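Listed here are the chains, written in short residue letters.
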Amino acid sequence: MTTILPRREVLIVGFGWTGAIVAEQMTREGLDVIALERGLWRDTSTDYAVNNAQDEVRYRYRDELFEDLSRETLTFRNEGGQEALPMRMLGSFLPGTNVGGSGVHWNGQTWRFLPTDFQVRSHNIERYGEDAIPEDMTVQDWGVTYDELEPHYDTFDKLCGIAGKAGNLGGEIQDGGNPFEGPRSSEYPNPPMEMVAAPLRFADAARELGYQPFPGPSANMSQAYTNPLGVSLAPCSYCGFCEKYACGNYSKATSATTILPALMQRENFTLRTGAMVLRVETRDGQATGVTYVTTEGEEFFQPADMVFLCTYITHNVNLLMQSGIGEIYDPQTGEGQVGRNYAYQAMSGANVFYDQDFAVNPFVGAGALGQVIDEFNGDNFDHTGLGFIGGGYIAQWQTNGRPIEHHPVPSDTPTFGLGWKQAVRENYNHTIGVGAHGAVHSYRGNHLDLDPTYRDAYGRPLMRLTFDFKQNDIAMSNYLTDRVAEIARAMGGRRVDVSPLKTPYDITPYQTTHNTGGHIMGDSPSNSVTNKYNQSWDISNLFLMGAGNFPHNPGYNPTATVAALAYHSLAEIKRSYLQNPGPLVQA
């Protein structure tokens, strides 16, 4: 039996970054807001305080902050003709659960996409011709521009206290910043982090080669900071436990450290944890609310005037499919939009090994402590004759020296035994990693749908992921990897080991939690699931937040753009939807 609850004005499904942003903005408007989170309550002071041991076994290997695959997972295959099998252990990407979601365990590398990223199709055709876009590549313009999002990027920067150096202020190039970035309306709210030996060695080598290195933009605090909500954050202690871990120092910007302390005091906000949403209910072309089940197995229907899906991208897409909202994409016919344009990112790199007289102290690290070059990102360089479009950034991030996870050794080292132990001892403090973080474009065959065989703990078909790197991704990544090797060799080590992009795509080793697409935005219901304001074309009181809106995956980390799109959507909702509910863009 399903219990029907009192109606609420705003209902949020999932309570990570975008869920918290939506809740903060909508409660500020005086609306009655409820958020449903499948996981548990988690808070910095009660769960992640400084007396909480950063246990590698607990967090990295027993998945304390990640989703429970025994309840809900996905199946995977590289291409359509293969049988998809369930992912039983987290590997390539690490979706979060509990209050804060994946934003709790992120590194804090906080990028704005390039202006040309939002016109990826029209820009590349204009510059390189129609043949620049392969026939099976399904990239498209986003329907929103960098200039439209810039004020919202600025809002997120100030909310988080991002540390960095502007490279383009109002069209004027600034020394020390990224000269390729889009124009910014203001300087970063905090100065860059204090650099250590490894990123400084990378920057020196890059500069000698004629590149323009700059400090990576960081959500790790370079100094004490109080954000516009009155929430204070403390300086980073460079402990080396950012990615895959929660910060107990209030030094990493997350929804828990920037929004929740203000939001939880508002009487018009309710957060309900342990609430697994099974489907969105609809009637007469409108969302009426959601059905969810508690950890005790009780089923409830929560009615609402507006519904915001703010879960991880695969879960947003899964909810659309389980709810019968939109047509599921068919790669054979090209029909349907839900599940289309799934993309990932292309990672490669190199390790530089030094003699014993040069120590890097890798344990002095932070998630976004690093130096970067952007000469080979997006369309910052001439692609004529290269056989690919897109690119990525090249960086040296000193994120950690954790004793279990971090043991760089030369590629010809034995994988166990005395030889391996000796190599770990010799190289732990004398190795620098350099990486390329590359774009992945969307293709006809890469998509999400429902698996015909396997079901989750609630009896629903599992989400099925079909994905592999295509020739454009491989060529682009190989080009970036050659640039990485060039810089690595200029860094003066005794040996350089290069690690190109691994193909075919393997879902088992960790790579990055930057999955995108599946409910993409666009300028028409014929090419997208949502309009430029993240509003469903089919159901006007349903809004979808997150990286599922990305029509392709640019070369940067996605979080700041996810937040900017959310703020952009909410600004229009406040400006016009609340006064006159209905489509914000006419189809």
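Thresholds, definitions, all that
Residues numbered from 1 in each chain as written. Predicted model: local features only at pLDDT ≥ 70, side-chain atom pairs only at ≥ 80, totals over all residues. Heavy atoms only, no water. Patch = residues over 30% accessible without salt bridge, like charges linked within 9 Å, V, L, I, M, F, W, Y side chains within 5 Å. Areas by Shrake-Rupley, 256 points an atom, 1.4 Å probe, with all protein chains shown as cover. Salt bridge = Lys/Arg side-chain N within 4 Å of Asp/Glu carboxyl O. Helix = DSSP H or I, 4+ residues; strand = E, 2+ residues; numbered from the N terminus. Buried < 20%, exposed > 50% of the residue type's maximum accessible area, 1.4 Å probe, protein only. Pairing = 2+ DSSP bridges. Contact = heavy atoms within 4.5 Å. Axes fitted to C-alpha atoms, helices over the stretch in contact; angles between N-to-C directions. Core = buried A, V, L, I, M, F, W, Y, C linked by side-chain atoms within 4.5 Å.

**Describing a nonpolar patch on the surface**
Together, V57, Y61 and I404 give the surface a local cluster of nonpolar side chains, amounting to about 240 Å² of exposed area. Relative to the elements of secondary structure, Y61 occurs in helix α3 (residues 56-61).

**Some remarks on the environment of D175**
Counting through the fold element by element, D175 comes out in the loop between β7 (172-173) and α6 (197-208). With a relative accessible area of 74%, D175 lands in the exposed category.

**What to know about the sheet that holds strand β4 (residues 74-77)**
Two pairing modes exist for strands in a sheet, parallel and antiparallel, and in both the strands are linked by backbone hydrogen bonds. Ordered by their spatial adjacency, four strands build an open sheet running β5-β4-β20-β19, and the pairing between neighbours is mixed. The sheet is open, and its two borders are formed by β5 (85-86) and β19 (447-455), each paired with just one other strand. With five bridges connecting them, β19 and strand β20 (residues 461-466) associate as antiparallel partners. Paired with L450 across the bridge in β20 is M463. Contacting β4, β19 and β20, helix α9 (residues 313-322) runs over the sheet at an angle of about 70 degrees to β19.

**Brief notes about the nonpolar core**
Formed by 148 residues in total, the largest nonpolar core has its most connected members in F15, F93 and F308. Take this core: its biggest share by element is ten residues, from helix α12 (residues 559-577). Those residues in contact with F93 that sit more than four places away from it in its chain are L74, M87, Y312, Y342, Y344, L465, Y505, I507, Y510, T512, T513 and N515.

**Concerning the environment of I394**
Counting through the fold element by element, I394 comes out in strand β17 (residues 392-397). Exposure remark for I394: the relative accessible area of 0% places this residue in the buried category. Taking C-alpha positions, I394 is 8.6 Å from E375, a pair spaced 19 residues apart along the chain. For I394, the residues in contact, after removing those within four places along its chain, are F202, Q371, V372, I373, F376, V434, G435, A436, L480, R483, V484 and I487.

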